[in-house]
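Coordinates in review
Okay, here's what each chain looks like letter by letter:
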Amino acid sequence: MSDTTPDTVRRPLISGNWKMNLNHFEALKLVQELSYEVTRDDVDAVDVSVHPPFTDIRTVQTALESDRIPFHLGAQHCHAEPSGAFTGEVAAPMLAKLGVRYVIVGHSERREVFGETDDLVNAKVKAILKNEMVPILCVGETLDEREAGEAEAKVKAQLKAGLSRVKAEQVATMVVAYEPIWAIGTGKTASADDAQAMCQTVRSSLEATHGEDAAASARVQYGGSVKPINAAELMGQPDIDGALVGGASLEAETFAKIIQYRLHD
Ligand code: PGA
């Protein structure tokens, strides 16, 4: 696909998913430390987003703005409705108002621990787009599904359902994160070949559902135990346009090395 559309430049996106870690003081410290490690050249080459817990977002937003730190603000989750009686939830317009640009949606932890269905994920994708933010739609198979030869079918089904009735022009702006569940937080990374193969499947699936232009423009991240040692090889694959990083994004020096994967090739 990349071969057939040489004009499309997909800027790599490296995203730090902090999950339920760091209070707002710790988040501020991390983002400041990260800003000392990451250079202007780095952010000229790569987009960086940080995804703190909700309680830290305002603090991180203020730090990014006042210190002119060129990272994008992200969130890990949102509700599909714009407002209402949903105790404990946070709506997409609230995130947009805070300057959030990227919102992770359908992370396997949300699907597995909190029972998020494909329909719910689809409603959230639409809410995020409606509020002019960029969904990072997560898809991926379990180890059992991979061993049963069902990985591709699972990922394709998640994409089809998650992007149902989303316009092709919108899909073109989106990010899909392929995260094999067996690789998340386990230290086991998919081989670069396997990750590339599935990211290519993601792209051809987008082409089948939303056309060639959308497939050529959408960015596909790999996630699952990305570390400084494997980032360059993963990022070197033609259909991998970025990384969704969990554990290794919680330490400034480590995350910076992933952002600087070009230097550690
Ligand atoms: P990990 O998490 O890098 O700790 O494996 C990735 C993710 O869950 O997005």
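Up top you'll find the structure we're talking about.
For clarity, every value in this text was computed on a predicted model and none was experimentally measured. (Residues numbered from 1 in each chain as written. Predicted model: local features only at pLDDT ≥ 70, side-chain atom pairs only at ≥ 80, totals over all residues. Heavy atoms only, no water.)

Now for the overall build of the protein. Scanning the protein from terminus to terminus reveals 13 helices and eight strands. In terms of C-alpha radius of gyration, the protein reaches 17 Å, essentially the compact-globule figure of 18 Å for 265 residues. Each of the three principal axes of the protein carries a C-alpha extent, and together these read 50 × 45 × 35 Å. Each of the 265 residues in the protein was classed as buried or not, and the buried ones make up 53%. Counting only contacts in the protein whose residues sit at least 6 apart along the sequence, the fraction spanning at least 24 positions is 75%. Total accessible area computed for the protein in this model is approximately 12100 Å², and 50% of it derives from carbon and sulfur atoms. Separation between the mean location of the 26 positive side-chain charges and that of the 39 negative ones in the protein comes to 5 Å. (Helix = DSSP H or I, 4+ residues; strand = E, 2+ residues; numbered from the N terminus. Rg over C-alpha atoms; globule rule 2.2 N^0.38 Å. Buried < 20%, exposed > 50% of the residue type's maximum accessible area, 1.4 Å probe, protein only. Contact = heavy atoms within 4.5 Å. Areas by Shrake-Rupley, 256 points an atom, 1.4 Å probe, with all protein chains shown as cover. Lys, Arg positive; Asp, Glu negative; His and termini not counted. Charge placed at Lys NZ, Arg CZ, Asp CG, Glu CD.)

Turning to the layout of surface pockets, a few remarks are in order. Counted as a void, the largest pocket has a volume near 470 Å³. Lining the largest pocket are 17 residues; nearest its centre among them are Lys19, Met20, Gln76, Arg110 and Phe114. Sort the elements by how many residues they give to the lining of the largest pocket and helix α5 (residues 108-113) lands first, with three residues. Its residues assigned to classes, the lining of the largest pocket comprises seven nonpolar, six polar and four charged. Of the pockets and cavities examined, the second largest pocket occupies roughly 170 Å³. What lines the second largest pocket is a set of 16 residues, among which Gly185, Ser225, Val245, Gly246 and Gly247 lie closest to the centre. (1 Å grid on protein atoms, 1.4 Å probe; cavity = no way out; pocket = protein on both sides within 12 Å on 5 of 7 lines; lining within 4 Å. Points joined across faces, edges and corners; volume = space filled by probe spheres on them. Nonpolar A, V, L, I, M, F, W, Y, C, P; charged D, E, K, R; others polar.)

So, about empty space enclosed by the protein. Vacant regions in the atomic arrangement are exposed by a probe of water-molecule size rolled over the atoms. The full count for this structure, using the stated rule, is one cavity of 30 Å³ or more. Here the largest cavity is characterised by a volume of approximately 40 Å³. The set of elements that each furnish at least two residues to the lining of the largest cavity consists of α5 and β5 (134-139). The residue makeup of the lining of the largest cavity, split by class, is four nonpolar, five polar and two charged.

Residues in close proximity to the ligand total 13 residues, the closest being Lys19, His107, Glu179, Gly185 and Ser225. Contact distances for the ligand include 2.7 Å between an oxygen atom and a side-chain N or O atom of lysine 19. In this structure, glycine 247 approaches the ligand through a main-chain N or O atom, which is 2.9 Å from an oxygen atom. If the ligand stood free it would expose 280 Å²; the protein chains cover 95% of that surface. (Near = heavy atom within 4 Å. Polar contact = N/O pair within 3.5 Å; in protein donor to acceptor, adjacent residues only side chain to side chain.)

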